[in-house]
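Close look at the chain arrangement
So you can see what is in the structure, the chains are spelled out below.
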Amino acid sequence: MALSSTQLTLLVITRVLIGWHFLYEGVSKIANPNWSAYAYLIDSKGPLEGFFLFLVSSPFLVKGVDLLNIYGLTLIGVGLMAGLFTRVSLIGGMVLLAFYYLSHPPLPLLSYSMPSEGSYLIVNKTLIELFSMAVLLVFPTWHRIGIDRLLKIS
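A brief structural summary. (Residues numbered from 1 in each chain as written. Predicted model: local features only at pLDDT ≥ 70, side-chain atom pairs only at ≥ 80, totals over all residues. Heavy atoms only, no water.)

Attention now goes to the packing of aromatic side chains. Applying the stated criterion to the full structure yields five aromatic pairs. Here Tyr40 and Tyr100 contribute two aromatic rings whose centre-to-centre distance is 6.3 Å and whose plane-to-plane angle is 85 degrees, an arrangement assigned as edge-to-face. Here the residue Tyr40 occupies a position in helix H2 (residues 38-42), and Tyr100 occupies one in helix H5 (residues 86-103), the gap between them amounting to 60 residues. By way of ring pairs, the aromatic residues Phe51, Phe52 and Phe99 are connected into one cluster. (Phe/Tyr/Trp six-rings, centres within 6.5 Å; stacked < 30°, edge-to-face > 60°. Helix = DSSP H or I, 4+ residues; strand = E, 2+ residues; numbered from the N terminus.)

Encoded structure:
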């Protein structure tokens, strides 16, 4: 499928902006030695609440989740911005966002100790970013703009 230059430009800009968001979230967690996913996980509700509470049952598991978050966010961000291992970055980012969404789904009658930035019902910015990444996955801009093109990575 051929994309117009405007379509390609907008898709690449979207990829870079989402990459920036992931990179910034990862780097901000690296910069804060006291950051941990513990408070977020302990506040989980929804269909996978038991799984998320299991993850906080052991300091070892919490540390693993923290490292996966910090370096996953950072590497996904770099990958998306540079167009490097883009397919893997998109899929990894979608998995992370799915976990974030399922940990704190914006459903009626659920309330969280951590305030959200708005009032949401089912659809929130996490879900929108996840589906934006799905759109990017089916329109592989990295074949035209990104390091993957130079390395012939599909």
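So, on to helix H6 (residues 125-138). With 14 residues, H6 should cover 20 Å at 1.5 Å per step; its first-to-last C-alpha distance of 20 Å lies within 8% of that length. Residues of H6 that are buried: Thr126, Leu127, Glu129, Leu130, Met133 and Leu136. Where H6 is buried, its residues meet helix H1 (5-31), helix H4 (59-82) and H5. Its side-chain oxygen placed 3.2 Å from the backbone nitrogen of Thr126, Asn124 serves as the N-cap of H6. (Expected span 1.5 Å × (residues − 1). Buried < 20%, exposed > 50% of the residue type's maximum accessible area, 1.4 Å probe, protein only. Contact = heavy atoms within 4.5 Å. Polar contact = N/O pair within 3.5 Å; in protein donor to acceptor, adjacent residues only side chain to side chain.)

This part takes up the side chain of Lys29. Within the secondary structure, Lys29 is located in helix H1. With relative accessibility at 12%, the residue Lys29 sits in the buried group. Within polar-contact distance, the side chain of Lys29 engages the side chain of Glu25 at 3.0 Å. The residues contacting Lys29, other than those within four sequence positions of it, are Trp35, Ile70 and Leu73.

Direction vectors running N to C along H1 and H6 enclose 135 degrees, while the axes themselves pass 10 Å from each other. Between H1 and H6, the angle is such that the two are oblique. Where H1 crosses over H6, the two elements pack in a sense that is left-handed. For the pair formed by H1 and H6, the contact residues are Leu11, Thr14, Arg15, Ile18, His21 and Phe22 on the first element and Glu129, Ser132, Met133, Val135 and Leu136 on the second. (Axes fitted to C-alpha atoms, helices over the stretch in contact; angles between N-to-C directions. Parallel < 35°, antiparallel > 145°, perpendicular 65-115°, else oblique. Left-handed = near helix turned anticlockwise from the far one by under 90°.)

Okay, the nonpolar core next. In this structure, Ile18, Phe22, Leu80, Leu90, Leu96, Leu97 and Met133 are the most contacted members of the largest nonpolar core, which totals 18 residues. Listing elements by their share of this core, those giving two or more residues are H1, H4, H5 and H6. Those residues in contact with Leu80 that lie beyond four places of it in its chain are Arg15, Ile18, Gly19, Thr86, Ser89, Leu90 and Met133. Phe52, Val56, Val62 and Val65 belong to the second largest nonpolar core, which has seven residues in total. (Core = buried A, V, L, I, M, F, W, Y, C linked by side-chain atoms within 4.5 Å.)

A word on the side chain of His104. Considering the arrangement of structural elements, one finds His104 in the loop between H5 and H6. Among the polar contacts made by the side chain of His104, one reaches the side chain of Ser103 at a distance of 2.9 Å. Residues within four places of His104 in sequence aside, it is in contact with Tyr40, Asp43, Ser44, Lys45, Tyr112 and Asn124.

Further remarks concern a nonpolar patch on the surface. Residues Leu48, Phe51, Phe54, Ile91, Val95 and Phe99 make up a contiguous nonpolar surface patch of roughly 510 Å² in combined accessible area. Per-element accounting of the nonpolar patch gives the leading share, three residues, to H5. Its location among the elements puts Ile91 in helix H5. (Patch = residues over 30% accessible without salt bridge, like charges linked within 9 Å, V, L, I, M, F, W, Y side chains within 5 Å. Areas by Shrake-Rupley, 256 points an atom, 1.4 Å probe, with all protein chains shown as cover. Salt bridge = Lys/Arg side-chain N within 4 Å of Asp/Glu carboxyl O.)

Turning to the environment of Glu129, a few remarks are in order. By secondary structure assignment, the location of Glu129 is in helix H6. Distance in space between the C-alpha atoms of Glu129 and Gln7 is 18 Å, their sequence separation being 122 residues. Not counting chain neighbours up to four residues away, the residues in contact with Glu129 comprise Ile18, His21, Phe22 and Leu97.

With their axes 9 Å apart at the nearest point, H5 and H6 run at an angle of 160 degrees to one another. Taken together, H5 and H6 sit at an angle that is classed as roughly antiparallel. Both H5 and H6 take part in a crossing whose hand is left-handed. Residues Arg87, Ser89, Leu90, Ile91, Gly93, Met94, Leu97, Ala98, Tyr100 and Tyr101 of H5 form the contact with H6, whose own contacting residues are Thr126, Leu127, Glu129, Leu130, Met133, Ala134, Leu136 and Leu137. Classifying every residue of the contact of H5 with H6 by side-chain character gives 13 nonpolar, three polar and two charged. (Nonpolar A, V, L, I, M, F, W, Y, C, P; charged D, E, K, R; others polar.)

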